[in-house]
Amino acid sequence: DAGITQSPRYKITETGRQVTLMCHQTWSHSYMFWYRQDLGHGLRLIYYSAAADITDKGEVPDGYVVSRSKTENFPLTLESATRSQTSVYFCASSAAGSPLHFGNGTRLTVT
Amino acid sequence: SQELEQSPQSLIVQEGKNLTINCTSSKTLYGLYWYKQKYGEGLIFLMMLQKGGEEKSHEKITAKLDEKKQQSSLHITASQPSHAGIYLCGARPGTASKLTFGTGTRLQVTL
């Protein structure tokens, strides 16, 4: 089915561990985005990508790493998870100038 | 950076009542997007406004962008329980494809 899927839906990890959140889209959209959603802060952009092998920092990039070797995938890695990274993470994709389409999110808890 | 302020932060209305949510920008809006989010789910795109004075409607939801392109409103007529959720406005800072979001308005519709 066409769309954007995130995995896992829920993840619990310990402080200091590396965690990778996956995002896959089937529309061949050039742009992909990672946001985190926290109470009181709304949605904040972590990283985004305009095309394969092109990534750029958003508002809150510290502690995160992204890669985009293929147009359809945009994984987000927390190199050494901290409690402050407990959040709901949303991936989105779009064509240039078009609305963003969001995945259902990954709820990450860092203990 | 562009900041979007939404009001009210939360709203409780009786089924059948009309309501309005506002989104105000500190800068000129180059595209204003309205999304709805149900608890535990991703964001669903509602409408996009780009021109000053533009107005769009879908079912019982109408969105407007003022002439100066710094304020948008979302109006729901004859609210229903299915309208409950979090409404977020998003805007593009200039020609960039990333979106900045407001902190959202939580809507509850009582029977």
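Residues numbered from 1 in each chain as written. Chains lettered and ligands numbered in written order. Predicted model: local features only at pLDDT ≥ 70, side-chain atom pairs only at ≥ 80, totals over all residues. Heavy atoms only, no water.

Peer 1: Can you break down the overall build of chain B residue by residue, with the values?
Peer 2: A count of helical and extended segments in chain B gives zero helices and 11 strands. If you list the helices and strands of chain B from N to C, you get β-β-β-β-β-β-β-β-β-β-β. Computed over the C-alpha atoms, the radius of gyration of chain B is 13 Å, within 12% of the 13 Å expected from 2.2 N^0.38 for a compact globule of 111 residues. Principal axes of the C-alpha set define a box for chain B whose edges measure 40 × 30 × 20 Å. Put simply, chain B has 111 residues, and 45% of those count as buried. In chain B, the proportion of contacts linking residues at least 24 apart, taken out of those at least 6 apart, comes to 54%. (Helix = DSSP H or I, 4+ residues; strand = E, 2+ residues; numbered from the N terminus. Rg over C-alpha atoms; globule rule 2.2 N^0.38 Å. Buried < 20%, exposed > 50% of the residue type's maximum accessible area, 1.4 Å probe, protein only. Contact = heavy atoms within 4.5 Å.)

Peer 1: Describe the sheet that holds strand β3 (residues 19–25) of chain A, and please don't skip the residues or the numbers.
Peer 2: Residue and element names in this part refer to chain A. Taken in spatial order, the four strands line up as β1-β3-β8-β7 in an open sheet, and their pairing is antiparallel. Each edge of the open sheet is held by one strand with a lone partner, namely β1 (4–7) and β7 (64–66). Along the sheet, successive strands turn relative to each other by an average axial angle of 15 degrees, direction set aside. Alignment of β7 against strand β8 (residues 76–78), held across three bridges, turns out to be antiparallel. Note on β8: the bridge partner recorded for Y64 is L78. (Pairing = 2+ DSSP bridges. Axes fitted to C-alpha atoms, helices over the stretch in contact; angles between N-to-C directions.)

Peer 1: Which residues make up the pattern of salt bridges, and what values go with them?
Peer 2: Under the definition given, this model contains five salt bridges over all chains. A salt bridge links E54 of chain B to K56 of chain B, with the nearest nitrogen and oxygen atoms 3.7 Å apart. Here K56 of chain B falls in the partly exposed class, since its relative accessible area comes to 31%. A salt bridge links K64 of chain B to E55 of chain B; the shortest N-O distance between them is 3.9 Å. Judged by relative accessible area, which is 40%, K64 of chain B ranks as partly exposed. You can call E55 of chain B partly exposed: its relative accessible area is 47%. One network of salt bridges, in which partners are shared, links R36, D38 and R44 of chain A. (Salt bridge = Lys/Arg side-chain N within 4 Å of Asp/Glu carboxyl O.)

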